[in-house]
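Observations on chain architecture
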Amino acid sequence: AWEVVPTLYAQYELTKEKEKCLDFDDLLVNTRKLFRQQSDVRKIYATRFRYVMVDEFQDTTPLQLEITKHLTSHHNNLFIVGDPDQSIYSFRQADRENINRVLKSYPTA
């Protein structure tokens with residue numbers, strides 16, 4: 001049954017393109033691309049959000065951590081809530097070590 005997965009996935013991608021739709025991963029990847037390539041856009045959002053709060057931080061991916069860093073790059077105000085013992089989304093690349101990474105990125109936390 002697994003041999004149909006590549007065909008189904010290709011059809012899924014074609015349908016998204018045809019219908020001009022994005023899924024959750026597309027939203028994340030495109031946001032990161034936008035922030036990396038358009039510093040003026042990144043600055044607009046980083047200055048707009050004085051405070052950023054992320055709940056269930058143990059279930060964030062490295063990509064989501066990068067977006068969070070972009071959003072907090074101006075005011076540097078980040079509040080996270082997370083319990084590494086409750087991480088349940090490793091199947092979609094969530095990494096409970098992001099909690100330790102964010103503490104290193106924000107030494108005054």
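Our structure's up above, just so we're on the same page.
Note that the coordinates shown come from a computational prediction; the quantities given were computed from them, not determined experimentally. (Residues numbered from 1 in each chain as written. Predicted model: local features only at pLDDT ≥ 70, side-chain atom pairs only at ≥ 80, totals over all residues. Heavy atoms only, no water.)

Concerning unusual backbone geometry
- In this model, Lys-20 sits at a positive phi of 55°, which is unusual for a non-glycine residue.
- Positive phi, normally seen in glycine, also occurs at Glu-56, with a value near 55°.
- Note that Glu-56 resides in the loop between strand 1 (52–54) and helix 4 (62–71). (Helix = DSSP H or I, 4+ residues; strand = E, 2+ residues; numbered from the N terminus.)

What about the side chain of Asp-23?
- With respect to the helices and strands, Asp-23 occurs in the loop between helix 1 (5–19) and helix 2 (24–37).
- At 2.9 Å, the side chain of Asp-23 and the backbone nitrogen of Asp-26 are in polar contact.
- Setting aside residues up to four positions removed in sequence, Asp-23 forms contacts with Tyr-12 and Lys-16. (Polar contact = N/O pair within 3.5 Å; in protein donor to acceptor, adjacent residues only side chain to side chain. Contact = heavy atoms within 4.5 Å.)

Examining helix 1
- In a regular helix each residue adds 1.5 Å, so 15 residues correspond to 21 Å; helix 1 covers 21 Å between its end C-alpha atoms and thus fits that length.
- Backbone geometry just downstream of helix 1 places Lys-20 in the positive-phi region, at approximately 55°. (Expected span 1.5 Å × (residues − 1).)

Some thoughts on the environment of Thr-61
- Following the sequence through the fold, Thr-61 ends up in the loop between strand 1 and helix 4.
- Judged by relative accessible area, Thr-61 falls into the buried class, the value being 7%.
- Sequence separation of Thr-61 and Arg-92 is 31 residues, and the distance between their C-alpha atoms is 7.9 Å.
- Ignoring sequence-local partners within four residues, the contact set of Thr-61 consists of Arg-92, Gln-93, Ala-94 and Asn-98. (Buried < 20%, exposed > 50% of the residue type's maximum accessible area, 1.4 Å probe, protein only.)

Regarding the packing of helix 4 against helix 5 (residues 98–105)
- Packing of helix 4 against helix 5 brings their axes to within 11 Å, and their N-to-C directions diverge by 25°. Judged by the angle between their axes, helix 4 and helix 5 are roughly parallel. Here helix 4 and helix 5 pass one another in a crossing that is right-handed. Note on element contacts: helix 5 touches helix 4 through Asn-98, Arg-101, Val-102 and Ser-105, opposite Pro-62, Leu-65 and Lys-69. (Axes fitted to C-alpha atoms, helices over the stretch in contact; angles between N-to-C directions. Parallel < 35°, antiparallel > 145°, perpendicular 65-115°, else oblique. Left-handed = near helix turned anticlockwise from the far one by under 90°.)

Quick look at the nonpolar core
- By size, the foremost hydrophobic cluster in this structure holds 13 residues, and its most contacted members are Phe-35, Phe-57, Ile-67, Leu-71 and Val-102.
- Where this core is concerned, the elements lending two or more residues are helix 2, strand 1, helix 4 and helix 5.
- The leading source of residues in this core is helix 4, at 4 residues.
- For Phe-57, the contacting residues outside a window of four places in its chain are Leu-65, Ile-80, Val-81, Gly-82, Asn-98, Ile-99 and Val-102. (Core = buried A, V, L, I, M, F, W, Y, C linked by side-chain atoms within 4.5 Å.)

Concerning the pattern of salt bridges
- Tallying each qualifying case throughout the model produces 7 salt bridges.
- The residue Glu-13 makes a salt bridge to Lys-16 at a minimum N-O spacing of 3.1 Å. A residue pair is termed a helical-turn pair when its members lie 3 or 4 positions apart in one helix, as Glu-13 and Lys-16 do in helix 1 at 3 residues.
- The salt bridge partner of Arg-32 is Glu-66, with a shortest N-O separation of 3.8 Å. In this pair, Arg-32 is assigned in helix 2 and Glu-66 in helix 4, connecting sequence segments 34 residues apart.
- Since its relative accessible area comes to 24%, Arg-32 is described here as partly exposed.
- You can call Glu-66 buried: its relative accessible area is 19%. (Salt bridge = Lys/Arg side-chain N within 4 Å of Asp/Glu carboxyl O.)

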